Amino acid sequence: MSMDNGEIAGSMPVLAEPRRRSRARWVIAVVTAAALVVVGGGAGVLVWNAGENSRHAEAMEQWQQALDRLEADLAAAEAVADDLAAVVEESSAAPVVEGVVQAVDVESAGGDDLAAFALLVAEKRELDLSIDPGLSRAQKIDRAGEVVTAVELARGDLARDVGVLQLSVTSNRVAHVLADVLEPAATDLDAAVAAVGESLPAAQEHLAASEGDTLDDSARVALTGAIDSAAAAVEVATSEGVEPGRALLDDAVGLLADLAAALDDADFASVNALMARADQTLEGSAEITAALPEHAAELRAHVDALAGARDAVTQAQNAKAAAAAAARASGGTKNTGGSQTRPGGSSTGNQSAGASAPAAKGGSGSSGSSGSGSTSGSGGGSSGGGTWVEEGSGTWCDTTDTSGADGVGGWC
């Protein structure tokens, strides 16, 4: 028994030693695990915090970039508006043609559009795009996203507004030039061409009818020149004024239709091409609208010249008729007049009224019913045939001359 007890007693320490080592290992494992949990949790917090910082920094950068893009777009939009306003002011300050309706003015060429656009730009500048410094980091990130979205919407609206402004101002300018300058000038030129067209046939008929019916051809020669000049002026006005004017009118009408369609369809991609066409049309209108009234004024001057030339021919015809009447009146007096005795005692006929031009030029010493006598009023002068005053000389024979009007001619 003692042996067994000794053996048992001797074996007890051997069995107890491993239990103490296992407990130590368990304690170490628990402590180690706890330490690992603490360390791992701290590292995770650090990683999350670093990620949030990165998101915040990126959000702030995107926010600032969005603000910069919007500011650049606003500045560009204002520059476009300034350019259009300068064009409108320059055009309204100088008429295309002096005395003709001005090409454009601020009200009719888009001044209202410019004013409305300025309000739109001001509204976009007043948008609240700030981030409150008192917000948390997460709130700032969210606010930055809201601002970026709002900025992109504002930029899209601004691009549309710029396109509308350009199309509207351009359309108004073209419409104003078309309605207030081109159409009136073209209509006025058409009327001037028609006036010459009415005057020319009448002048040509007058020229033909007056042939051989004037004392000389000087007035008819002048009328011929007036007819030729007027006909040539019509040809020039047609080729240099009427035809290009009508072509420009057609271009302007087509351009207005395209501008209206682009506005209706919000086709802002076509703005630059349409504006280039408009500039070309308006530049061409300046030269053509200067030519149209000049041609019209020249044609009206030709109408006046034709009227004056015809009047001169009429006067020449009247002068010949007066001369013929005077000649007939002079011949009638000779046939019915009797002889008269002058104070000198000699008997003579009425030489001024009774003699015809051929008889006067015959050189006979007698006239009328008298065979001979003195031509002197006192009875002591020389005898002879007297003097014939040619037509147009403007000379009266003496106080007893009854040959007719001044310059018609007669026997003295």
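What counts and what doesn't
- Counting of residues starts from 1 at the beginning of each chain's written sequence and follows it residue by residue.
- Where local features are concerned, this predicted model is filtered to residues with pLDDT of at least 70; where side-chain atom pairs are given and counted, the filter is 80 or more; whole-chain, interface and lining totals use all residues.
- Side-chain metrics in this entry use all non-hydrogen atoms of the structure; hydrogen atoms and water are not considered.
- Think of it this way: any DSSP run of H or I at least four residues long counts as a helix, any run of E at least two long counts as a strand, and we number them from the N terminus.
- Using a 1.4 Å probe, accessible areas were evaluated by the Shrake-Rupley method; residue-level cover was limited to the displayed protein chains.
- Using a 1.4 Å probe on the protein chains alone, a residue whose accessible area is under 20% of its type maximum counts as buried, one over 50% counts as exposed, and one in between counts as partly exposed.
- In the analysis that follows, any N or O atom pair within 3.5 Å is treated as a polar contact, provided that within protein one partner can donate a hydrogen and the other can accept it, and provided that, for residues neighboring in sequence, both atoms belong to side chains.
- Only the stretch in contact is used when a helix axis is fitted, and all axes are lines through C-alpha atoms; the angle between N-to-C directions ranges over 0 to 180 degrees.
- To sort the angles, those under 35 degrees are grouped as roughly parallel, those over 145 as roughly antiparallel, those from 65 to 115 as roughly perpendicular, and the leftovers as oblique.
- Here, two residues are considered to be in contact whenever any of their heavy atoms come within 4.5 Å of each other.
- In this count, Pro and Cys sit with the nonpolar residues alongside Ala, Val, Leu, Ile, Met, Phe, Trp and Tyr, while Asp, Glu, Lys and Arg are called charged and the others, Gly among them, polar.
- Put simply, a crossing is left-handed when the front helix is turned counterclockwise from the back one by less than a right angle, and right-handed when it is turned clockwise.
- Any Lys or Arg side-chain nitrogen located within 4 Å of an Asp or Glu carboxyl oxygen qualifies as a salt bridge.
- Here, nonpolar core refers to any group of buried Ala, Val, Leu, Ile, Met, Phe, Trp, Tyr and Cys residues whose side-chain atoms link them within 4.5 Å.
- Given the number of residues in a helix, its expected span is that number minus one, multiplied by 1.5 Å.
- Throughout, the arc means the angular range of directions from the helix axis out to the C-beta atoms.
- To get the bend at a given residue, fit one axis to the seven residues ending there, fit another to the seven starting there, and take the angle between those axes.

### Here's the deal with the overall build of the chain
Stage number 1. Helices and strands together make up the secondary structure of the chain, namely 7 helices and 4 strands.
Stage number 2. Seen in sequence order, the chain has helices and strands lined up from the N terminus as α-α-α-α-α-β-β-α-α-β-β.
Stage number 3. Here the chain displays about 23200 Å² of accessible surface, and carbon together with sulfur accounts for 56% of that area.

### Re the environment of D128
Stage number 1. Summarising the element assignment, D128 is placed in the loop between helix 2 (111-125) and helix 3 (137-209).
Stage number 2. On the basis of relative accessible area, D128 is assigned to the exposed category, the value being 55%.
Stage number 3. Linking D128 and V147, residues 19 residues apart in sequence, is a C-alpha distance of 8.5 Å.
Stage number 4. In terms of polar contacts, D128 uses its side chain to reach the side chain of S130, at 2.8 Å.

### Some thoughts on the packing of helix 2 against helix 3
Stage number 1. With their axes 10 Å apart at the nearest point, helix 2 and helix 3 run at an angle of 170° to one another. With respect to helix 3, the element helix 2 is oriented roughly antiparallel. Packed against helix 2, whose contacting residues are D113, L114, F117, L120, V121 and K124, the element helix 3 presents A154, D157, L158, D161, V162, L165, S168, V169 and N172 at the interface.
Stage number 2. For the contact of helix 2 with helix 3, the class distribution of residues is 9 nonpolar, 2 polar and 4 charged.

### So, the packing of helix 3 against helix 4 (residues 218-265)
Stage number 1. Helix 4 packs onto helix 3 with a crossing angle of 160° between their chain directions and a minimal axis gap of 8 Å. Here helix 3 lies roughly antiparallel to helix 4, going by the angle between them. Crossing angle aside, the handedness with which helix 3 passes helix 4 is left-handed.
Stage number 2. In terms of residue class, the contact of helix 3 with helix 4 is built from 29 nonpolar, 6 polar and 4 charged.

### A closer look at the pattern of salt bridges
Stage number 1. All told, the structure shown has 15 salt bridges when counted by the stated rule.
Stage number 2. We note a salt bridge from R160 to D161, for which the minimum N-O separation is 3.0 Å.
Stage number 3. Owing to a relative accessible area of 40%, R160 belongs among the partly exposed residues under this scheme.
Stage number 4. A network of salt bridges, in which partner residues are shared, links R69, D73, E152 and R155.

### Remarks on the nonpolar core
Stage number 1. By size, the foremost hydrophobic cluster in this structure holds 69 residues, and its most contacted members are F117 and L299.
Stage number 2. When contributions to this core are tallied by element, the ones reaching two or more residues are helix 1 (2-93), helix 2, helix 3, helix 4 and helix 5 (271-336).
Stage number 3. Broken down by element, this core gets its largest block of residues, 24 residues, from helix 3.
Stage number 4. Setting aside its immediate chain neighbours within four residues, L299 contacts L189, A192, V193, V196, A233, V234 and A237.

### Description of helix 2
Structural remark: α-helix, 3.6 residues per turn; residues separated by three or four positions point the same way.
Stage number 1. If you check helix 2, its first and last C-alpha atoms are 21 Å apart, about what 15 residues at 1.5 Å a residue would give, namely 21 Å.
Stage number 2. Buried within helix 2 we find G111, L114, F117, V121 and K124. What you see down the axis of helix 2 is that its buried residues fit within an arc of 135°, all on one side. Facing away from the buried side of helix 2 by over 90 degrees, the exposed positions are D112 and L119.

### A word on the side chain of Q166
Stage number 1. Topologically, Q166 is positioned in helix 3.
Stage number 2. The class of Q166 is buried, set by a relative accessible area of 13%.
Stage number 3. Not counting residues up to four positions away in its chain, the partners in contact with Q166 are V80, L84, V271 and M275.

### Brief notes about unusual backbone geometry
Stage number 1. Notably, A266 is not glycine yet its phi reads approximately 50°, a positive angle.
Stage number 2. Mapping A266 onto the fold places it in the loop between helix 4 and helix 5.
Stage number 3. A relative accessible area of 42% places A266 in the partly exposed class.

### A closer look at helix 4
Stage number 1. The end-to-end C-alpha separation of helix 4 is 69 Å, in line with the 70 Å expected for 48 residues at 1.5 Å each.
Stage number 2. At T238, helix 4 shows its maximal bend, which comes to roughly 45°.
Stage number 3. Backbone geometry just downstream of helix 4 places A266 in the positive-phi region, at approximately 50°.

### Here's the deal with the environment of N172
Stage number 1. Topologically, N172 is positioned in helix 3.
Stage number 2. Given a relative accessible area of 27%, N172 falls into the partly exposed group.
Stage number 3. Through-space distance from the C-alpha of N172 to that of G111 is 9.4 Å; in sequence the pair is 61 residues apart.
Stage number 4. Within the structure, N172 has its side chain in polar contact with the side chain of D113 (distance 3.1 Å).

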